[in-house]
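# Structure assessment
The chain contents come next:
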Amino acid sequence: MIRLLHRWPGLLALALVTVLALSGAALSVFPAAERLGVTQPEAGLSVADLAQRVQSAIPAVEQIVRAPSGQITAYWFDGGTPGSAVIDPSTGQGIGSADPNQAERWLINLHRALFLGDGGRIVTAAGALAMLLLALSGMMLVARRAGGWRRWFTRLRGPFAGRLHVEIARVAVMGLLVSSATALWMTASTFDLLPDSAVPPTTLAEPSGKTGIAVKAIGQLQQTPVSALRELSFPYADDASDVFTLTTETGTATLDQGTGVQLSWAGLSMWQRVSATIYMLHTGQGAAALGLLLGLMALGVPVMGGTGVMLWLAGRHARPKIKGNVTPAQAETILLVGSESGSTWGFAATLHAALTAAGQTVHAAPLSSFDPVRYAKAQRILIMTATYGDGDAPTSAKGFLERLSQADVPAASLAVLGFGDRSFPAFCAFAKTIAAEAEAKGYIMLIPFDTVDRQSPQDFARWGQALGAALDMPLRLAHQPILPETQRLSLLSRRDYGTEVQAPTSILRFAVPNATLWQRLIGRGISRFQAGDLLGILPQGADVPRFYSLASASRDGFVEIVVRKQAGGLCSGQLLALEPGDTTRAFLRRNPNFHAGRDRAPLILIGAGTGVGPLAGIIRDNRRLRPIHLFFGIRHPDSDFLYGAELAAWQAKGRLASLITAVSRGSKPQYVQDSLRGEAAQIANLIRDGARVMVCGGREMAVGVADALAEIIAPLGLTPAALKAEGRYVEDVY
């Protein structure tokens, strides 16, 4: 529901909201410009002194008005002809025209009514309401994506358009709330929809019937500083019943024109004070700096509108449409999905269709929307989730574990199915955590926890049989995986290693494929990438892609991976058979947890064999000469010293601070973890100074590295787990 409230007002009112935002941003400049151009009065100047100066310069003056910016304007009639001028308070003389700026007047008419009068005001009010709904629903969606309000400014993942959309929203949303809410208030005031709460004037004295007192002699005017003035109206000299009217920031007083005595007083009601504050907030009049800030925030609206449309279009392709999805209050089965790239939603659609065909009412939603209070008729909750990185929640599951811990246990039973790749060490770790915490909290498990490896339709069908047996219904899950959209990569060059140690390995360099502007904006295609991201290769004759860590960044101008021939390996065999000019199909999967980052903290890079690939890419991209220390494990320096010449060149240029190799088949066999122990003092000092550790390679190597590192940092009171929690120890292990 929240997503719908955010999507449709944004799509339907995009043009209107954009016009209002841009015109509002332009209008925010005028109060600031006026404030800068105002001639300010000397300190302590009273209204009496100002009025006397103006009256001396302009004898026919009838009214003096002070704007919130401090600009003073005088109005008069001379021979029946009206006149006005901006006043220099030091002399009372006119120094400029008081006619409104024509560009400002045009923008105001556009912003308030679209040049359509009252009908236009109603349309712009609808636009303000749409913006208010967008701001409120957007706040809730940002909090859900971040994993809770306390993580509002957490680091984001995903395509550029999505990150830009949320980054702007996180900064601008409060300003948009203020602008839209105040606009609705002012529209209601214009159409007299707000109560009239003006305080009636209190009579303090009767008119004297006299005229002719000099403004300099009126005590009330002498005691009122110009800074408090809003308006001073002069009486007609030949009408003894007419009075001076003095309006200040606190109320309105009438003064006898013969004696200067205060005749009446009407203070501002609380309602009027609120209205004045709302006017100031919306227009910037009296708060020019705030107005400029709100104007800058409004400039984010067209950008968010454009990126929002991109996300909507991209989402329509990334997530399958689920037919017959009932509301959570009506559903017997709640199907919650945790997905990073969208593939898990395909399995969810298959399960939803099968359950619906079996007569069940099913509600499918992101795992982050978990709310048992809304599941009035639910008999079971089915959770299907992938795992991101080293056991983290995927994007659509942010904040779920926190909600799970806080919510009461419903009567509905629970089943959890994890999706992942068994070759990764954190295989289905997030799903396992959900199952363990739910069981510990007291949930009744419908069937035991299970997993699907590499999007296997067979694993999914087997789990479906177990679920059907538990529900006492036939449940056949025939899922056809949605293959990722691939691009053709052309091989530019290859360098071969490892034949002497019976481990054929090649550095394969491909040309960067052409990408459209649309693909760049929505983050699709192989266009913008960093070393450490993953290149998915879909080998011929297989439905499941294989992933290789990128050894280059897009700024390098090529796509590079390191491939070792695996016994019976379909994908590695096909890749190592390529010659320059040959092509393969591939796609990009971002891996932000294994990026070097932009800070200046030292890096300790640890890799063995092909694991040096992304580490070499990080070193190559180290143009700011950040301190990087590489520990590299190889079998034999004459056969598989990958990037040997480049590492020496990068070290000479300062991109690599130190290189330590461990040769496992030399005269003194040594593994990379042994090299770490040999440099224990240096590593401890680096970590004490804030260094980040990045490990890439085989699982056994990673375990040995973790053990060695634990020994090295134990005297510091640290553990590898503590460093991981801080984001200072990351792995890309296979």
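As shown above, the structure is provided for reference.
Remember, predicted model here, so these are calculated numbers, not experimental data.

Criteria and cut-off values
Residues numbered from 1 in each chain as written. Predicted model: local features only at pLDDT ≥ 70, side-chain atom pairs only at ≥ 80, totals over all residues. Heavy atoms only, no water. Pairing = 2+ DSSP bridges. Helix = DSSP H or I, 4+ residues; strand = E, 2+ residues; numbered from the N terminus. Core = buried A, V, L, I, M, F, W, Y, C linked by side-chain atoms within 4.5 Å. Buried < 20%, exposed > 50% of the residue type's maximum accessible area, 1.4 Å probe, protein only. Contact = heavy atoms within 4.5 Å. Disulfide = S-S within 2.5 Å. Arc of directions from axis to C-beta.

Attention now moves to the sheet that holds strand β7 (residues 243-248). Spatial strand order, β4-β3-β2-β1-β6-β7-β8-β9-β5: nine strands in an open sheet with antiparallel pairing. Taken across any chain shown, the strands that pair with only one partner, and hence form the sheet edges, are β4 (94-96) and β5 (202-203). When β5 meets strand β9 (residues 262-267), the two strands line up antiparallel, connected through two bridges. Residue threonine 202 lies in a different strand from β9, and its bridge partner there is tryptophan 265.

Membership of the largest hydrophobic core comes to 27 residues, with the highest contact counts inside it found for Leu605, Ile618, Ile619, Leu630, Leu642, Tyr643 and Leu647. Going through the elements one at a time, β21 (603-608), α18 (612-620), β22 (628-634), α19 (644-653) and β24 (692-697) are the ones with two or more residues in this core. When residues in this core are grouped by element, the largest group, five residues, is from α18. Leucine 647 has contacts with Ile619, Leu630, Phe632, Phe641, Leu642, Leu656 and Leu659, leaving out every residue within four places of it along the chain.

A full pass over the atoms with the stated rule returns zero disulfides. Between cysteine 696, a cysteine without a disulfide, and cysteine 571, which holds the nearest cysteine sulfur, the sulfur-to-sulfur distance is 16 Å. Here cysteine 696 falls in the buried class, since its relative accessible area comes to 1%.

Next up on the list: the pairing of strand β20 (residues 583-589). Across a regular strand the side chains alternate sides, sitting on one face of the sheet and then on the other. Looking at chain direction, strand β15 (residues 487-497) and β20 are connected through four bridges and run antiparallel. When the sheet's bridge partners are listed, arginine 488 is paired in β20 with arginine 585.

Let's shift gears to unusual backbone geometry. Located in the positive-phi region is cysteine 428, a residue other than glycine, with phi close to 55 degrees. Relative to the helices and strands, cysteine 428 is located in the loop between β13 (413-420) and α14 (429-441). Given the relative accessible area of 1%, cysteine 428 is considered buried.

Looking at helix α21 (residues 680-688), one finds that the buried residues are Ile683, Ala684, Leu686 and Ile687. Across the axial projection of α21, the buried residues extend over an arc of 165 degrees, all falling on one side. Of the exposed residues in α21, the ones pointing more than 90 degrees away from its buried face are Ala681 and Arg688. Looking at the packing, one finds that the buried side of α21 touches β21, β22, α20 (672-678), β24, α22 (699-713) and α23 (720-725). Looking one or two residues past α21, glycine 690 carries a phi angle of roughly 100 degrees, positive in sign.

This part is about the environment of phenylalanine 427. Its place among the elements puts phenylalanine 427 in the loop between β13 and α14. Considered as a pair, phenylalanine 427 and isoleucine 122 are 305 residues apart in the sequence and their alpha carbons are 56 Å apart. Here phenylalanine 427 is in contact with Gly420, Asp421, Arg422, Lys432, Thr451, Val452 and Asp453, once residues within four sequence places are set aside.

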